[in-house]
Amino acid sequence: MLEYSTSVLNELRAHQVRAEIDTSSDNINGKIQRAEQMKVHTMFVIGKRDVDAGAISVRIHGKGNLGAKPRGEVIADILASINERRS
């Protein structure tokens, strides 16, 4: 999972998107809770099923879990969202 997460991170950074991976030993619920408290706008939650499907589960602060989507679609959506705010 870390390899897949790192490849997603590298793809985002190639497009100048600020992103990081939480590699702490906390369980997934703890990581999500901490990110919510820090008001992280968009979280990508990547589990074994996501890796197997080539997908990413997306969580938006204040909206909750949006479900798993194909990797390419998620990255295109995040880049479009960033470009819309810059305009």
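Please refer to the structure placed before this passage.
Rules of the game
- Residues numbered from 1 in each chain as written.
- Predicted model: local features only at pLDDT ≥ 70, side-chain atom pairs only at ≥ 80, totals over all residues.
- Heavy atoms only, no water.
- Buried < 20%, exposed > 50% of the residue type's maximum accessible area, 1.4 Å probe, protein only.
- Helix = DSSP H or I, 4+ residues; strand = E, 2+ residues; numbered from the N terminus.
- Core = buried A, V, L, I, M, F, W, Y, C linked by side-chain atoms within 4.5 Å.
- Contact = heavy atoms within 4.5 Å.
- Expected span 1.5 Å × (residues − 1).
- Arc of directions from axis to C-beta.
- Pairing = 2+ DSSP bridges.
- Axes fitted to C-alpha atoms, helices over the stretch in contact; angles between N-to-C directions.
- Salt bridge = Lys/Arg side-chain N within 4 Å of Asp/Glu carboxyl O.

A.B. asks: Got a minute to help me understand unusual backbone geometry in this structure?
C.D. replies: Where the residue is not glycine, phi is negative for most of them; where a peptide bond is considered, it is trans in most cases. Although it is not a glycine, Gln-16 adopts a positive phi angle of roughly 60 degrees. Judged by its relative accessible area of 63%, Gln-16 falls in the exposed class. One non-glycine residue, Lys-39, adopts positive backbone phi at about 60 degrees. The topology assignment puts Lys-39 in the loop between helix H2 (28-37) and strand S1 (42-45).

A.B. asks: In this structure, what is going on with the nonpolar core? I would like to understand it.
C.D. replies: Note that soluble globular proteins tend to have their nonpolar side chains buried in a common cluster. Within the largest apolar cluster, twelve residues are counted, these being Tyr-4, Val-8, Leu-12, Val-17, Ile-46, Ile-56, Val-58, Ile-60, Val-74, Ile-75, Ile-78 and Leu-79. Going through the elements one at a time, helix H1 (2-14), strand S2 (55-60) and helix H4 (71-86) are the ones with two or more residues in this core. Among the elements that line this core, the one with the most residues is H4, at four residues. Those residues in contact with Tyr-4, other than ones at most four positions away along the chain, are Ile-46, Asp-50, Val-51, Gly-54, Ala-55, Ile-56 and Arg-71.

A.B. asks: Would you explain H1 in this entry?
C.D. replies: Spacing of three or four residues puts side chains on the same side of an α-helix, whose turn is 3.6 residues. The end-to-end C-alpha distance of H1 is 18 Å, a good match for the 18 Å that 13 residues give at a rise of 1.5 Å each. Considered for burial, the residues of H1 that qualify are Tyr-4, Ser-5, Val-8, Leu-9 and Leu-12. Summarising the axial view, the buried residues of H1 lie within an arc of 140 degrees, below the 170-degree limit, and thus occupy one face. The exposed residues of H1 that point more than 90 degrees off its buried face are Leu-2, Glu-3 and Ala-14. Residue Gln-16 follows H1 closely and has a positive phi angle near 60 degrees.

A.B. asks: Can you walk me through the pairing of strand S3 (residues 64-70) in this structure?
C.D. replies: Moving residue by residue along a regular strand, the side chains alternate between the two faces of the sheet. Of the strand pairs in this sheet, S2 and S3 are connected by six bridges, and their pairing is antiparallel. Across the sheet, residue Ser-57 finds its bridge partner in S3, namely Ala-68. As consecutive antiparallel partners, S2 and S3 are separated by three residues, and within that stretch Gly-62 has a phi angle of approximately 90 degrees, a positive value.

A.B. asks: Sorry if this is basic, but what is going on with the sheet that holds S1 here?
C.D. replies: One key point about sheets: their strands pair by backbone hydrogen bonds, in either a parallel or an antiparallel sense. Strand order in this open sheet of three strands is S1-S2-S3, and the pairing throughout is antiparallel. The two strands at the open ends of the sheet, each matched to only one other strand, are S1 and S3. Across the sheet, the mean angle from the axis of one strand to that of its neighbour is 30 degrees, orientation sign disregarded.

A.B. asks: Teacher, can you tell me more about the pattern of salt bridges here?
C.D. replies: Close approach of charged atoms allows side chains of opposite charge to pair. In this structure the tally under the stated criterion is five salt bridges. Notably, a salt bridge pairs Glu-11 with Arg-71, separated by 3.0 Å at the nearest N-O pair. Of this pair, Glu-11 sits in helix H1 while Arg-71 is found in helix H4, placing the two residues 60 residues apart along the sequence. For Lys-48, the salt bridge identified is with Asp-52, shortest N-O distance 3.2 Å. In this pair, Lys-48 and Asp-52 are both assigned in helix H3 (residues 48-53), four residues apart and thus about one turn of the helix distant. Judged by its relative accessible area of 57%, Lys-48 is exposed. Taken together, the shared-partner salt bridges connect Asp-22, Asp-26 and Arg-34 into one network.

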